[in-house]
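The chain contents come next:
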Amino acid sequence: MLEKKISFPPINEQMDIIKRGVSEIIPEEELVEKLEKSYKENKPLNIKLGCDPTRPDLHLGHSVVLRKLAQFQQLGHTAILIIGDFTGMIGDPSGRNTARPPLSFEEARENGRTYFEQASKILDREKTKIVYNSEWLGKMTFADVIKLASKYTVARMLERDDFTKRYKNGIPISVHEILYPLAQAMDSVAIQSDVELGGTDQKFNLLVGRDIQREFGLSPQVILTMPLLVGTDGVEKMSKSLDNYIGINESPKEIYGKTLSIPDELIYTYFELTTDISNEELKKIKQQLENPEVNPRDIK
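All values reported here derive from a predicted model rather than from experimental measurement.

S.K.: Kindly report on the sheet that holds strand β6 (residues 222–226), identifying the contributing residues and their values.
M.R.: Taken together, the six strands give an open sheet; going across it, the order is β1-β6-β5-β2-β3-β4, and neighbouring strands pair in mixed fashion. Because the sheet does not close on itself, it has two edges, and the strands there are β1 (24–26) and β4 (128–132). Across the sheet, the mean angle separating the axes of adjacent strands is 25° when strand polarity is ignored. Where strand β5 (residues 195–199) and β6 come together, five bridges link them in parallel fashion. What sits directly across from G199, in β6, is M226.

See the structure below:
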C-alpha cells in the first residue's frame, strides 16, 4: 500500500503563517530544520498544546493558542490537545503568587469534558488527537517520580520568576508545585512532541520539556509562545475570575456587546490574534486607527 503524500506548503510559506502574532520561537532555526525534515520525509510534526481544566469554560484568551494549533493543523501537521486531568489536580504555578487550590480527579475530568467540544469551534474535530495525561502520569510509581526528579535541580526550578518572588517574600512553595513542570515535561516525552505551544507565562514549563526530552533520548521540542490576550478591562490578561473575558460559548449578542467594550488601543491586537484576516488587511486597519476621521467603533 502506497503511503499517502501530504501536501505541505513550502517552508517559507509555513513560516510566514506560523510566525504571525508569535512572541517567541525557541530556537527558530530548529523549527525550520524540523519543517524541512517533515517536508522531505512526508511526515507531519507533532504539535502539542496542553490545557489544564481548572474551569469548564474557554474564552478568547484560550483561543489565541488554539488558533495557532489550528494553523499548524491546516499546514498538514498533527494537532495534539492534551487535557491535563492529572496535572489539573496539582495546579500550574505559572504566574501565581500563591498555590492553586488542587482539584479532585473527578472535577478535572468533568471540566475537561467540555474543553474539546468548545475547542472544536476552532480546531478540525476529525483531525485533532485528544489525550488525557492521566494515561501516563497516573501509571508512574513513586520510584519513577524520584528518578524523574533527579533529572532537574532545585536551583534551576527556583530560577522561574514566580517561584523567585515567592521565595524572597517568604510565601510558601509546596513540593508538588515544583513537580508540576516535570509532569508537563513528561507529556512532551509521552507524545514525542516536536513543537509545544503556550502563552508567554508558560515559557519556563516549555523549556523544562526540552530538557527532559533530551534526558529521555528524544529530539527536544521547539517552543512557541503566544502573547497573553488582555481582557475587556484593558489592563489584566483575560480571565474568568477577573470577569474581563469573552467566552467562546457565549451568545453572539454577548460577544458583540463585550467586543464593543474593549479599549480602542486593543483593536489591532484583537484583529491580529483572534481573526484570520490577511496581513494586508491588518495594515489597512492600522492606518484606519491612526486616522482621526475614522471612528474606532466602526472598526470594532
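And the narrative resumes.
S.K.: Provide a residue-level description of the nonpolar core, including the pertinent values.
M.R.: By size, the foremost hydrophobic cluster in this structure holds 41 residues, and its most contacted members are I18, L31, L49, L81, V195, L197 and L224. Not counting residues within four places of it along the chain, the set of residues in contact with V195 comprises L31, N46, I47, K48, F72, Q221, V222 and L224.

S.K.: Residue-level account of helix α12 (residues 267–274), with values.
M.R.: All buried positions along α12 are accounted for by I267, Y270, F271, L273 and T274. Looking at the buried positions of α12, the neighbouring elements they touch are α3 (60–74), β6, α13 (279–290) and α14 (296–299).

S.K.: Please provide a residue-by-residue account of the packing of helix α6 (residues 142–149) against helix α9 (residues 175–191), values included.
M.R.: At a minimum axis distance of 11 Å, the contact between α6 and α9 shows a crossing angle of 100°. Classified by the interaxial angle, the pair formed by α6 and α9 is roughly perpendicular. The segment α6 lies against α9, with V145, L148 and A149 engaging L179, L182 and M186. Tallied by class, the residues present in the contact of α6 with α9 amount to six nonpolar, no polar and no charged.

S.K.: If you had to explain the packing of aromatic side chains to someone new, which residues and values would you point to?
M.R.: For the structure shown, the criterion picks out zero aromatic pairs. The ring of F216 has K151 lying over it, and the distance from NZ or CZ to the ring centre is 5.4 Å. Taking the ring centre of F163 as reference, the NZ or CZ of R160 above it sits at 4.8 Å.

S.K.: Any chance you could break down the layout of surface pockets for me, citing the residues and the numbers?
M.R.: In this approach, a probe sized like a water molecule rolls over the atoms, and the result shows the empty space that is left. Estimates place the volume of the second largest pocket at around 410 Å³. Around the second largest pocket, the lining is made up of 16 residues, and of these K34, K37, K43, L45 and D194 lie nearest the centre. For the lining of the second largest pocket, the leading source of residues is helix α2 (residues 28–41), giving six residues.

S.K.: Give me empty space enclosed by the protein: which residues, what numbers.
M.R.: Tallied over the entire structure, the rule returns one cavity of 30 Å³ or more. By volume, the largest cavity is sized at about 70 Å³. Contributing to the lining of the largest cavity are R20, G21, V64, R67, K68, Q71, M226, E272, L273 and T275. Of all the secondary structure elements, the ones that give two or more residues to the lining of the largest cavity are α3 and α12. Here the lining of the largest cavity takes four residues from α3, the largest share from any one element. Of the residues belonging to the lining of the largest cavity, the class tally is three nonpolar, three polar and four charged.

Calculation notes
- Residues numbered from 1 in each chain as written.
- Predicted model: local features only at pLDDT ≥ 70, side-chain atom pairs only at ≥ 80, totals over all residues.
- Heavy atoms only, no water.
- Pairing = 2+ DSSP bridges.
- Helix = DSSP H or I, 4+ residues; strand = E, 2+ residues; numbered from the N terminus.
- Axes fitted to C-alpha atoms, helices over the stretch in contact; angles between N-to-C directions.
- Core = buried A, V, L, I, M, F, W, Y, C linked by side-chain atoms within 4.5 Å.
- Buried < 20%, exposed > 50% of the residue type's maximum accessible area, 1.4 Å probe, protein only.
- Contact = heavy atoms within 4.5 Å.
- Parallel < 35°, antiparallel > 145°, perpendicular 65-115°, else oblique.
- Nonpolar A, V, L, I, M, F, W, Y, C, P; charged D, E, K, R; others polar.
- Phe/Tyr/Trp six-rings, centres within 6.5 Å; stacked < 30°, edge-to-face > 60°.
- Lys NZ or Arg CZ within 6 Å of the ring centre and 35° of its normal.
- 1 Å grid on protein atoms, 1.4 Å probe; cavity = no way out; pocket = protein on both sides within 12 Å on 5 of 7 lines; lining within 4 Å.
- Points joined across faces, edges and corners; volume = space filled by probe spheres on them.

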